[in-house]
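What follows is each chain in one-letter form.
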Amino acid sequence: MAPRQEESKSLHPGLAEPRTNEDWFDYVFYEPPPRPHLPPYDTYVAMAKEDPERRRLDRSRHRYHSALVLAWTPAVQHFESEITELLDANEMAPPGARLGLLIDGPPTVGKSTLVKMIGRKFEQDLRKDFPERFAPERLGVYVPVVYISLTDQVTPKQISLAIARYLNVPTSGTKDTVDDRVLTALTACGTQLLIFDDLHFLDCAHKEGRASNDHIKFLANHAPCTIVGTGVNLEESPLLSEGGPTGPIKRNTRVKSPPRNGPRTQTAGRFSRQALAPFALDSKTEILQWVGVVNSLENALALYRHEKKSLTRRHWRYLHDRTNGSIAGLHALLRRSAVRAVKQGTEAVTRDIMDSIVLSYAHERAYAKVVELQSRPSAKSRSKLNKKPSAADGSA
């Protein structure tokens, strides 16, 4: 099955979540805008601002920067290893619940992007290794990955309907009828990876949430595939516990999988939980990881006058302070800064440009606290200020 180039050329996977197999197909075959060829700077500045050629060049750079390369971070590599290992271990497992994975973490750390990147690469590898499974003459459609983004107060039937629409299965009839069609389709399509994004919308404090949680367990029991879910503060939610939250465990590492004692639902017995945290700067290794991400994004900039490695060498800590170590915040800041650098004619991502960018409310609040802390005098400085002059200082 070849990509539908005429339909997917103008699409960007970040513009809309895949809701159907066709949407996912476009995402798998999507190619980001190529790096624009920059004519000599003297030639560029000699063009009038309204020159169509200059406008086209600037527009192509905006499109390119808006799709700035997504870094394959150590966390993404870790979870790719975890998920592919689960897929291999579950592939020919006997009937019954297969062990799944929950990726837990605060907003904007890249959970949704991470699972989509891994799912995309998994399918691309399958297409290379087993092209016959995707051949047009094959009886039935092979759909190795199903991606479902949950909505607020989702019900069990809505979950099944979302899977049914994704697989082009009829949605009429009772919940049990749709469930049966979904399970049959997942088996017939050879689905190996079922991704549920935003599992925190399963509010188990309400009847619908508890029923939807049970429905996820039902799918884990009966669907012959590996389920991977993402969500915010899943460990603190009743999703994994009976009778209330279990409470978080703090760790300094970026990827965490702490043991936990206490009451559990059946979900806790079917899924492992690992946390994805913002980038930290508590060790040399963590600093190098963050600097590496900054460097990969900086190298992708298509600007005339940007000083090479200036962000990586001089502003890596500032970028961490501005974004609170969030990969989503970092991408947003550098994308907008690059676009503004072209529009303003500075042709460089500088500290002034970045300072002028207003990020999300959460990121701006976090940065305001950092600035406040940095503006306070240190204990050492306060002790010097409070130290009384002595006779040795030339005072009586």
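Conventions used here
Residues numbered from 1 in each chain as written. Predicted model: local features only at pLDDT ≥ 70, side-chain atom pairs only at ≥ 80, totals over all residues. Heavy atoms only, no water. Helix = DSSP H or I, 4+ residues; strand = E, 2+ residues; numbered from the N terminus. Contact = heavy atoms within 4.5 Å. Axes fitted to C-alpha atoms, helices over the stretch in contact; angles between N-to-C directions. Parallel < 35°, antiparallel > 145°, perpendicular 65-115°, else oblique. Left-handed = near helix turned anticlockwise from the far one by under 90°. Core = buried A, V, L, I, M, F, W, Y, C linked by side-chain atoms within 4.5 Å. Buried < 20%, exposed > 50% of the residue type's maximum accessible area, 1.4 Å probe, protein only. Salt bridge = Lys/Arg side-chain N within 4 Å of Asp/Glu carboxyl O. pLDDT = per-residue confidence, 0-100.

(A) Structural view of the side chain of Q192. One can find Q192 in the loop between α8 (175-188) and β3 (193-197). Apart from residues lying up to four places away in sequence, Q192 is in contact with L87, E91, F122, L126, R133, Y142, P144, C225 and T226.

(B) Region of the structure containing the packing of helix α11 (residues 284-299) against helix α14 (residues 327-344). Running from amino to carboxyl end, α11 crosses α14 at an angle of 30°, the nearest separation of the two axes being 11 Å. The angle between α11 and α14 falls in the class roughly parallel. Judged by the sense of rotation from one axis to the other, the crossing of α11 with α14 is right-handed. Judged by residue contacts, W290, V293, V294 and L297 of α11 engage I327, L330, H331 and L334 from α14.

(C) Region of the structure containing the nonpolar core. Among the nonpolar cores identified, the biggest contains 58 residues, and I159, I163, L167 and F196 are the most heavily contacted of them. Grouped together as the second largest cluster of nonpolar side chains are 33 residues, Y44, A302, Y318 and A341 included.

(D) Quick look at the pattern of salt bridges. Overall, the coordinates contain 16 salt bridges when judged by the stated rule. When the shortest N-O distance is used, the salt bridge between K121 and E80 registers 3.1 Å. Here E80 lies in helix α5 (residues 74-90) and K121 lies in helix α6 (residues 111-129), a separation of 41 residues in the sequence. Take K121: its relative accessible area is 30%, and that puts it in the partly exposed class. Given a relative accessible area of 17%, E80 falls into the buried group. Between E307 and R314 there is a salt bridge; the shortest N-O distance is 2.9 Å.

(E) Looking closely at the environment of W316. The topology assignment puts W316 in helix α13 (residues 316-323). Setting aside its immediate chain neighbours within four residues, W316 contacts L281, I287, W290, V291 and L311.

(F) Structural detail: the confidence of the model for the protein chain. Here the protein chain averages 85 in pLDDT, and 83% of its residues register 70 or above. Within the model, the stretch residues 1-14 combines pLDDT values under 50 with 19 contacts to residues more than four positions away or in other chains.

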